[in-house]
Amino acid sequence: MSISEFRSLLENVSQWLKFRGKHAGYWAFLFQRASGVVLVGYLYLHLYELRLLLVGRAAYEGFLRLVLSPVFLPFDIVLFAVGIYHGANGLRTAISEFGYGISHSKALLALMLLVGAIAWAFASYAVAKFALVAP
Amino acid sequence: MVQLAPNSIQKDNDNDKLTVRIFRFNPQTEATPHYVNYQVPRKKLVRIMDIFEYLVEVQGVDLAFRSSCGMMSCGSCGILANGVPKLACVEAAEDRMVVEPLPNFPVIRDLVVDRRLYDEKISTLLPFLIRKDSHTEFPEFIRHSQMTSRNVFAQCISCLLCMSACPIVASDPHFIGPAALTRLAGFVEDIRDRDTDTRILKASGTDGVYRCHFIGECSEVCPVDAKPSLAIQILRRKSTHSFLRQLVRGAKNYSGPGMH
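Here is a short report on the structure shown in this document.

Reading guide: rules and limits
- Residues numbered from 1 in each chain as written.
- Chains lettered and ligands numbered in written order.
- Predicted model: local features only at pLDDT ≥ 70, side-chain atom pairs only at ≥ 80, totals over all residues.
- Heavy atoms only, no water.
- Patch = residues over 30% accessible without salt bridge, like charges linked within 9 Å, V, L, I, M, F, W, Y side chains within 5 Å.
- Areas by Shrake-Rupley, 256 points an atom, 1.4 Å probe, with all protein chains shown as cover.
- Salt bridge = Lys/Arg side-chain N within 4 Å of Asp/Glu carboxyl O.
- Helix = DSSP H or I, 4+ residues; strand = E, 2+ residues; numbered from the N terminus.
- Buried < 20%, exposed > 50% of the residue type's maximum accessible area, 1.4 Å probe, protein only.
- Pairing = 2+ DSSP bridges.
- Axes fitted to C-alpha atoms, helices over the stretch in contact; angles between N-to-C directions.
- Contact = heavy atoms within 4.5 Å.
- Polar contact = N/O pair within 3.5 Å; in protein donor to acceptor, adjacent residues only side chain to side chain.
- Arc of directions from axis to C-beta.

Here we come to a nonpolar patch on the surface. All names here are of chain A. Among the surface-exposed residues, Val40, Leu43, Tyr44, Leu47, Leu50 and Leu53 lie close enough to one another that they form a single nonpolar patch of about 590 Å² accessible area. Here the element with the most residues in the nonpolar patch is helix H2 (residues 24-50); it accounts for five residues. The topology assignment puts leucine 43 in helix H2. Look at leucine 43 and you get partly exposed, because its relative accessible area is 46%.

Residue and element names in this part refer to chain B. Pairing is mixed in the open sheet, where five strands are placed in the order E2-E1-E5-E3-E4. If you trace the sheet from one side to the other, it starts and ends with strand E2 (34-41) and strand E4 (84-87), each paired once. With strand direction ignored, the average angle separating the axes of adjacent strands in the sheet is 35°. As defined by bridge partners, strand E3 (residues 78-81) adjoins strand E5 (residues 97-100) across two bridges and the pair is classed as antiparallel. In the sheet register, leucine 80 faces E5, and the bridge partner there is glutamate 100. Sitting on the sheet, helix H1 (residues 48-57) touches strand E1 (17-24), E2, E3 and E5, and the angle it makes with E2 is about 95°.

The next subject is the side chain of threonine 240 of chain B. With respect to the element layout, threonine 240 of chain B can be found in helix H9 (residues 228-249). At a separation of 3.3 Å, a polar atom in the side chain of threonine 240 of chain B contacts the side chain of tyrosine 210 of chain B. Sequence-distant contacts of threonine 240 of chain B, defined by excluding residues within four places in its chain, comprise Phe98 of chain A together with Tyr210 of chain B.

Attention shifts here to the pairing of E1 of chain B. Residues in a regular strand project their side chains so that they alternate between the two faces of the sheet. Residue and element names in this part refer to chain B. Where E1 and E2 come together, eight bridges link them in antiparallel fashion. Counterpart to threonine 19 in the pairing with E2 is glutamine 39. Where E1 lies against E5, three bridges are found, and the strand directions are parallel. Among the inter-strand pairings, isoleucine 22 is bridged to a residue of E5, identified as valine 99.

The next point concerns H1 of chain B. Three or more residues of H1 of chain B are buried, namely Ile48, Met49, Ile51, Phe52 and Leu55 of chain B. Buried residues in H1 of chain B, looked at end-on, bunch into an arc of 160°, giving them a common side.

Below, the structure is given as structure tokens:
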């Protein structure tokens, strides 16, 4: 990609950051994009972490002890929110993109957020219990 | 004779002023655009179009803008008012309002944008009825229920507010866009139209319906409720069904959605 093409790409994507007067669907789209980027970053991190298996058992277990400690709990909770949102909104978008529920898109969005929030609360509770209570 | 109670008619107070900030740009004489604050008398029920006309006719401002019907029918007067695409002929003016040209289109001058981006796209989509057969009787008998879907999309007045609101059009000018796809959907849903398969194929191209991410801003800003997001999703559904039908039949010639 040339510099001019990169500049053009940046300029085009910057159009997405014009928030004024935008509605719920637009914010859902923006968060979908942002959560996708976060998840891609996490994926690379996860693959990088898995390479420790090749280094040795002690290295991998040491890393697990670190990420399962209460220090990393907030990151896990945020990651759950990002992943659950991305999946739930993706499902809503897939349903809508087949022409179903278009007239009730905001209701569908609200339902998705509600179900996602419940799933996120449950997942956060489970991981917090494990991180804080487990030896 | 009916006598009206005192103060029953609100009188215009010409001492009140409305301040409007308008985008000004003449590419032939200026390098960069700028904004100018204009003051107009505050009156009851002032439209943005009224302000433009006042500035031009009374104050002699050389403001360039489009207008025609003045009644939300021609789609000429689309502008950005406080960051939201609106039609100037029906939108009420507010104090300290910022008026700009529609985004996602090149500016010709001031509030006039180049509509060719849309015109070129719609012209490739066969924007006319291709009849199944000529009808000999007049009037042509069609039940209202048969045209309900078509009538929704046919309301489109090509005002381009949806194209301005769409972030995909903003980031990729090649995307056909909600306006053209809504017009196309109107013909696809018309029971009199013959060439549905060709239209679906055109809508399924690289820059067609599959570029839409169902953000929904197009439907939010549409002044005539032509439901552009519904139009795109219906086209997408028809395109997918068509593809699956061809797949089942084992058609070797079919190139598939998004593959041409």
